[in-house]
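One letter stands for each residue in the lines below.
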Amino acid sequence: MHVTRDFSHYVKDLGAGLNHIDLAVEGVSCAGCMAKIERGLSALPDVTLARVNLTDRRVALEWKQGTLDPAKFIDRLAELGYKAYPFEKASAEATEAEESRFLLRCLGVAAFATMNVMMLSIPVWSGNVSDMLPEQRDFFHWLSAVIALPAAAYAGQPFFRSAWRALKSGNVNMDVPICIGVILALGMSIVETFHHAEHAYFDAAIMLLTFLLVGRYLDQNMRRRTRAVAGNLAALKAETATKFVGSDEISEVPVAAVRAGDLVLLRPGERCAVDGVVVEGRSEIDQSLITGETLYVPAEQGTAVYAGSLNISGTLRVRVSAAAEGTLLADITRLLDNALQARSRYMRLADRASRLYAPVVHATAALTVLGWVLAGAGWHDAIVTGIAVLIITCPCALGLAIPTVQTVASGAMFKSGVLLNAGDAIERLAEADHVIFDKTGTLTLPELEVVNAADIPADVFALAGQLALSSHHPVASAVAQAAKARSPLMGAVEEPGQGVRAVVDGVEIRLGRPSFCGAEALASRNANLDPEASVVAFSRGTEAFLFSVRQGLRPDAAKIIAGLQRRGIEVEILSGDREAAVAAAAKALGISEWRAGVTPADKIARIEELKRSGVKVMMVGDGMNDAPSLAAAHVSMSPISAAHLSQATADLVFLGRPLAPVLAAIDYARKALHLMRQNLWLAVGYNVLAVPLAISGVVTPLIAAAAMSGSSILVMLNALRARKVAGEASSWK
Amino acid sequence: MEVMIILVPLALALGLAGLVGFLWSLKSGQYEDLEGAAWRAIADDDEPAPPAQPEAAAGRP
């Protein structure tokens, strides 16, 4: 059978005879890679554009229609040493990119206007105390109006829209006082200019918008970058299926192109990408990613298989019942929806601050106006002072306080191997005081590992490793990997369902089931000693050896668990696996609280129970069965090897084999929350100092502008401190 | 003071030119990959063109 790869699902037609495809590329990290990839791909005939995006780690390719197969680009990149995979931008990502561009455009307009209005304001300020003619001042004020009004109308759109949405739904958010302040200041400035007054507030209004847009843009950019990288990783997991396109012809297609009713081929060692029913073949299936159970389940005609399960020994034909988006079990989806709804009631720090802020600011400004009127000042003077209060309490330091810290902290987390899915995850993570781990794939590594390597003679190990290269079986690959085998043995023969054999120096060697290698006695002895391990036997002539294989703990798991406990965080294991397996892991890691054999609903029940007693739970898990509890917990984290659904549900995703990023993320989050609070207090402190001055009516626009910028810059500088945390968790490699 | 009739519009025109330039560069996607742009500026352009035959598989640098 000949296998073709069909990526036409991802190819876009640009018109004019050109095609376009986006590839996610792994390992692009420097300018050298960029030049190498661009040269390497441009050298292919008919390629008209090959451009690497170093920020997103992606390649955009265009070529003349009909001449090239996209699979060729993947092959070419593999030759150059990069793993690549075509992908489709998620619609959320495209919307965010568009929003981010719009914010940058607004920022550009606002910054241009600020600079020019300032250029006109400074002569007015200095002229007011020297010899400026009133006509000249009016001229400068009118010029400022001509620049500031259209610029504010354009650049203020993000705030106007958000404030309008909030007001329409009967709420008040931080954008409401911003809009009122800006509109009032601009309106009053026009009135002032008409009356040839000494002061106008065009500069303050437009500068306020500029500072706020900086904060808004940083906030947006942080989320966008994380989403782009997460999208790449999802694509690089290469979720493909081998689909029958004729009765005997197969083609490798992306999962997105598989429909219910299709027939797919599932070979040994492959992970199933769809839900379906076996129509032909016999095998064993590893469903640990779905249920947490590490023992293999037999599969034959009529057995249901789920996306994420690993096929072990035989080839299966599967009739697809649900593909791509539909691969979830109905009850998992239902649990997930309920849990997510419960969490959406959490209020972000910024929202809580603005809920307090808006009424206080408005009340202060209104009382100022009222106070001055009662004290005998004219309406005009009273309103001008009221506006000064609104401007000097401008929430720009407040608006920058949270996003700047978030941006800096997320960058630092990114360097320690943690991706953020949600902006408010940092705040929730910092509050966590109880961590629940799933065992399989979270505390343990997702792949298998030889545990008794020390008991096997080195030459036997090396030979077994070479032989193992000829088998597709995942247990055999674990042996090959542990032996660091490179060169396969010539003439190795695979006996389906049994093992591999070959002849070396006239002696037959075999690797496979204990019965295939004559090692039943060894195997039964081992089964008593270490009941959770899978075994593979190796024989050379009459000698027999046994490799014990299982999912090993993450290399630094014990150290990280101890680190969590030192920080006063309680640690617990909830696993769907068997009691013996969970008990062993808990003992090795020093965790006293654990439960085995729990269902997804049990996990949620436990989380709810903890929540009711006021505990903020962090859930760390990878299986599809963990997804609802990931959503139910206060904050959640998944390894990058997790099932697609879990990864999408988790607030944070960590990379690599060690568990260290979990601890690092907590440390960074705690530091960041501390800085966010500090920033809010700085902003409040500034207002406490400045507001009385504004109320008393002595603040000139120059002082207001200087104070406002000063507080914003202070808050930004303070945020930079989120880059560093003390202690063991700051590096993960 | 008559000089302001020239200088003020000139300053505004220069600022406006800067803004138009920024909007143009934004539209043409120059802010999509700031990291890559920084490296592109110092990349060597004068290396000989790669051979037409695919070179042997090379590891990552």
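Being a predicted model, the structure only gives us computed values, none of them experimental.

Cut-offs and rules
Residues numbered from 1 in each chain as written. Chains lettered and ligands numbered in written order. Predicted model: local features only at pLDDT ≥ 70, side-chain atom pairs only at ≥ 80, totals over all residues. Heavy atoms only, no water. Helix = DSSP H or I, 4+ residues; strand = E, 2+ residues; numbered from the N terminus. Buried < 20%, exposed > 50% of the residue type's maximum accessible area, 1.4 Å probe, protein only. Contact = heavy atoms within 4.5 Å. Buried area = accessible area lost by both parts, 1.4 Å probe. Salt bridge = Lys/Arg side-chain N within 4 Å of Asp/Glu carboxyl O. pLDDT = per-residue confidence, 0-100. UniProt positions renumbered as here; feature names shortened; annotations may be inferred. Pairing = 2+ DSSP bridges. Arc of directions from axis to C-beta. Axes fitted to C-alpha atoms, helices over the stretch in contact; angles between N-to-C directions. Core = buried A, V, L, I, M, F, W, Y, C linked by side-chain atoms within 4.5 Å.

Undergrad: Got a sec to walk through the overall build of chain A? Specific residues and values, please.
TA: Assigned secondary structure in chain A consists of 25 helices and 28 strands. Buried positions account for 54% of the 733 residues belonging to chain A.

Undergrad: An account of the interface of chain A and chain B is requested, with residue identities and associated values reported.
TA: Counting residues at the interface gives 34 residues for chain A and 29 residues for chain B. Both sides of the chain A and chain B interface together cover about 2800 Å² of buried area, and 61% of this is carbon and sulfur. Connecting chain A to chain B are 2 salt bridges. Note that A:Arg101 is salt-bridged to B:Glu32, the shortest N-O span being 3.0 Å. Element by element, the count of residues in the side of chain A that touches chain B is highest for helix 3 (residues 91-129) of chain A, at 9 residues.

Undergrad: Which residues make up the confidence of the model for chain A, and what are the values?
TA: Mean pLDDT over chain A works out to 81, with 90% of the residues at or above the 70 mark. Here residues 728-733 of chain A scores under 50 on pLDDT; set against residues more than four positions off or in separate chains, the count is 17 contacts.

Undergrad: Tell me about the UniProt feature "transmembrane region" (unreviewed entry) in chain A, and name the residues and values.
TA: Residues and elements named next belong to chain A. In the UniProt entry, the feature "transmembrane region" (unreviewed entry) is given for residues 102-127, 139-160, 172-194, 200-218, 356-377, 383-405 and 680-696. In residues 200-218, helix accounts for 89% and strand for 0%; the two terminal C-alpha atoms are 30 Å from one another. Within the segment residues 680-696, helix and strand shares are 94% and 0% respectively, and the terminal C-alpha atoms sit 24 Å apart.

Undergrad: Run through the UniProt feature "transmembrane region" (unreviewed entry) in chain B, naming residues and quoting values.
TA: Those places that UniProt annotates as "transmembrane region" (unreviewed entry) correspond, in this numbering, to residues 6-26 of chain B. Its end C-alpha atoms 30 Å apart, residues 6-26 of chain B is made of 100% helix and 0% strand.

Undergrad: Describe the sheet that holds strand 14 (residues 310-311) of chain A, with residues and values.
TA: Through backbone hydrogen bonds, the strands of a sheet pair up, either in parallel or in antiparallel fashion. Residue and element names in this part refer to chain A. Here 3 strands make up an open sheet; going across it, the order is 12-11-14 and the pairing antiparallel. A strand with exactly one partner marks an edge of an open sheet, and here the two such strands are strand 12 (297-299) and strand 14. Relative to strand 14, strand 11 (residues 283-286) runs antiparallel, the two being bridged by 2 bridges. Paired with Asp286 across the bridge in strand 14 is Leu310.

Undergrad: For helix 20 (residues 579-589) of chain A, give the residues involved together with the corresponding values.
TA: Residues and elements named next belong to chain A. Those residues of helix 20 lying buried are Ala581, Val582, Ala585, Ala586 and Leu589. Taken end-on, helix 20 shows its buried residues confined to a sector of 125°, consistent with a single buried face. Turned more than 90 degrees off the buried face of helix 20, the exposed positions are Glu579 and Lys587. The elements touched by buried residues of helix 20 are helix 14 (439-443), strand 23 (543-553), helix 19 (557-566), strand 24 (570-574) and strand 25 (593-595). Following helix 20 by one or two positions, Gly590 adopts a phi angle in the positive range, close to 70°.

Undergrad: Quick one: what's the story with the sheet that holds strand 20 (residues 499-504) of chain A, residue by residue and with numbers?
TA: All names here are of chain A. With antiparallel pairing, the 6 strands of this open sheet are ordered in space as 18-23-22-21-20-19. The sheet is open, and its two edges are formed by strand 18 (444-450) and strand 19 (493-495), each paired on a single side. Ignoring strand direction, the axes of neighbouring strands in this sheet form an average angle of 20°. Where strand 18 lies against strand 23, 4 bridges are found, and the strand directions are antiparallel. Paired with Val450 across the two strands is Val549, which belongs to strand 23. Together, strand 18, strand 20, strand 21 (507-512), strand 22 (534-540) and strand 23 form the strand contacts of helix 15 (residues 458-468), whose direction differs from that of strand 22 by roughly 105°. Contacting strand 18, strand 21, strand 22 and strand 23, helix 16 (residues 474-482) crosses the sheet at an angle of about 75° to strand 18.

Undergrad: How would you summarise the nonpolar core if you had to cite specific residues and measurements?
TA: Residue and element names in this part refer to chain A. Grouped together as the largest cluster of nonpolar side chains are 126 residues, with contacts concentrated most on Met413, Leu429, Phe437, Met618, Met637 and Leu652. A per-element tally of this core places helix 24 (residues 660-695) first, with 17 residues. Once you skip the residues sitting within four places of it in the chain, Leu652 turns out to touch Met413, Val418, Leu419, Leu420, Ala425, Leu429, Val635, Ser636, Met637, Ser638 and Ala665. Formed by 27 residues, the second largest nonpolar core is a distinct cluster that contains Val25, Ala50, Ala84 and Tyr85.

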